[in-house]
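# Results of the structural survey
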Amino acid sequence: MRSLRTKLILMTLITGVAGVILTGFWVRFMTLREFDRLRLEQARATYTDEVVRYYQQYGMLNDF
C-alpha cells in the first residue's frame, strides 16, 4: 500500500510531465504552421514580383 503522500507526489509529477509534453507538441505544431505560412507568403511575394517584372518588360501576360 502506498501512502496518500506518495500518491499525491506521483500524480503531481505525472500531471507536470504530461503538461510539459503537451505544451511541447503544441509549440512545435504552431511553429511549423507559422513557418509554412511564412514560406507561402514569401513565395507569393516572389511570384507577384516576377509577374510585375514580366508585365513591365513585355506589356502583356499572355505567355506568362
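The following refers to the structure shown. (Residues numbered from 1 in each chain as written. Predicted model: local features only at pLDDT ≥ 70, side-chain atom pairs only at ≥ 80, totals over all residues. Heavy atoms only, no water.)

## Here we look at the environment of leucine 61
- By the element assignment, leucine 61 lies in the segment after α1 (4–58).
- Using a relative accessible area of 41% as the deciding quantity, one classes leucine 61 as partly exposed. (Helix = DSSP H or I, 4+ residues; strand = E, 2+ residues; numbered from the N terminus. Buried < 20%, exposed > 50% of the residue type's maximum accessible area, 1.4 Å probe, protein only.)

## Some thoughts on the environment of methionine 60
- Inspection of the secondary structure puts methionine 60 in the segment after α1.
- In this view, methionine 60 contacts Tyr54 and Tyr55; residues no more than four positions away in its chain are not counted. (Contact = heavy atoms within 4.5 Å.)

## A word on a nonpolar patch on the surface
- A contiguous nonpolar patch, built from Ile9, Leu10, Met11, Leu13 and Ile14 and spanning about 480 Å² of accessible area, is present on the exposed surface.
- Summarising the element assignment, isoleucine 9 is placed in helix α1.
- Judged by its relative accessible area of 46%, isoleucine 9 falls in the partly exposed class. (Patch = residues over 30% accessible without salt bridge, like charges linked within 9 Å, V, L, I, M, F, W, Y side chains within 5 Å. Areas by Shrake-Rupley, 256 points an atom, 1.4 Å probe, with all protein chains shown as cover. Salt bridge = Lys/Arg side-chain N within 4 Å of Asp/Glu carboxyl O.)

## Describing the pattern of salt bridges
- Throughout the structure, instances matching the rule amount to four salt bridges.
- Put simply, arginine 37 and glutamate 34 hold a salt bridge, and the shortest N to O gap is 2.9 Å. Note that arginine 37 and glutamate 34 are positioned in helix α1 at a spacing of three residues, about one turn of the helix.
- For arginine 37, a relative accessible area of 46% translates into the label partly exposed.
- According to the relative accessible area criterion, glutamate 34 is partly exposed, its value standing at 32%.
- A salt bridge links glutamate 41 to arginine 37, with the nearest nitrogen and oxygen atoms 3.3 Å apart. Taken together, the residues span about one helical turn, with glutamate 41 and arginine 37 both in helix α1 at a distance of four residues.

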